[in-house]
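Breakdown of the fold
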Amino acid sequence: AQSVTQLDSQVPVFEEAPVELRCNYSSSVSVYLFWYVQYPNQGLQLLLKYLSGSTLVESINGFEAEFNKSQTSFHLRKPSVHISDTAEYFCAVKNTDKLIFGTGTRLQVFP
Amino acid sequence: GAGVSQSPSNKVTEKGKDVELRCDPISGHTALYWYRQRLGQGLEFLIYFQGNSAPDKSGLPSDRFSAERTGESVSTLTIQRTQQEDSAVYLCASSLYTDRYNEQFFGPGTRLTVL
């Protein structure tokens, strides 16, 4: 069965600093990977996804993630974070028809 | 248009009582999913529907849990004889189809507390 590991449960960072949220997945033949974000008191929203093609995918608010097959990773990065990026971030892999989620990383951005 | 809605937003119940959680998916979405989010843990898949049938019930934790969907629309997740370990946020999601290209849209969740 596929699985997802997010090693960092919390990542504190100052505003305008770069950040990387780590995600590793168990190997499989076909891999479809996702990052979801959950802002305080809101539902999950899709941030970005990798289905095929270019290994670097970007979101509209400056986040990017790179699919690395050899390292089985899909780390999320942003070169300069904002206070409004404070949220919980979940990495997920699609397994047949359902999503398998990691345990989440809470990103806390300080002024 | 309207997103996925869930009701109630919060539910507090006593151990041993039955509860029903409701999900209204986005209109026209054929696939509907239920997940559970326990405190400090990731989201746990429970069940999904394609139309009104449930091809995968593998995530239901026990026979106290059941779900149904009618009219390829509303779904109800029922937990019988609730236990304290059932306390969690229950999330519903829907997508146009189940294939890999279709994004799952999540509702705000129902926070269930079993006393």
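Please refer to the structure higher up on the page.
Figured I'd write up the structure that's included with this text. These figures come from a predicted structure and were not determined experimentally. (Residues numbered from 1 in each chain as written. Chains lettered and ligands numbered in written order. Predicted model: local features only at pLDDT ≥ 70, side-chain atom pairs only at ≥ 80, totals over all residues. Heavy atoms only, no water.)

Here the focus is the overall build of chain A. In terms of helices and strands, chain A carries zero helices and twelve strands. When the helices and strands of chain A are placed in sequence order, the string is β-β-β-β-β-β-β-β-β-β-β-β. Relative to the 2.2 N^0.38 estimate, which gives 13 Å for 111 residues, the radius of gyration of chain A is 13 Å and therefore close to what a compact globule would have. Principal-axis analysis of the C-alpha atoms places the extent of chain A at approximately 45 × 25 × 25 Å. The 111 residues of chain A split such that 50% are buried. For chain A, the share of sequence-separated contacts (at least 6 apart) that also reach a separation of at least 24 residues comes to 55%. For chain A, the exposed surface amounts to about 5,400 Å²; the carbon and sulfur share of it is 50%. (Helix = DSSP H or I, 4+ residues; strand = E, 2+ residues; numbered from the N terminus. Rg over C-alpha atoms; globule rule 2.2 N^0.38 Å. Buried < 20%, exposed > 50% of the residue type's maximum accessible area, 1.4 Å probe, protein only. Contact = heavy atoms within 4.5 Å. Areas by Shrake-Rupley, 256 points an atom, 1.4 Å probe, with all protein chains shown as cover.)

Within the secondary structure, Lys49 of chain A sits in strand S6 (residues 44-50). Sequence separation between Lys49 of chain A and Thr5 of chain A is 44 residues, and the spatial gap between their C-alpha atoms is 17 Å. Among all residues touching Lys49 of chain A, those that are not within four sequence positions of it are Leu33, Phe34, Val57 and Phe74 of chain A together with Tyr101 of chain B.

Turning our eyes to something else, we now look at the pairing of strand S5 (residues 43-50) of chain B. The side chains of a regular strand alternate, residue by residue, between the two faces of the sheet. All names here are of chain B. Here S5 lies mainly inside the structure; six of its eight residues are buried. In this sheet, S5 lies alongside strand S4 (residues 31-37) in antiparallel orientation, the contact comprising seven bridges. From the neighbouring strand, Leu32 faces S5, where its bridge partner is Phe49. Count of turn residues in the S4/S5 antiparallel hairpin: five residues, of which Gly40 carries a positive phi of about 75 degrees. If you look at the hairpin formed by S5 and strand S6 (residues 53-56), you'll find two residues sitting between the two strands, and Gly51 has a positive phi there, around 65 degrees. (Pairing = 2+ DSSP bridges.)

Function cannot be read off these values alone, since they describe shape.
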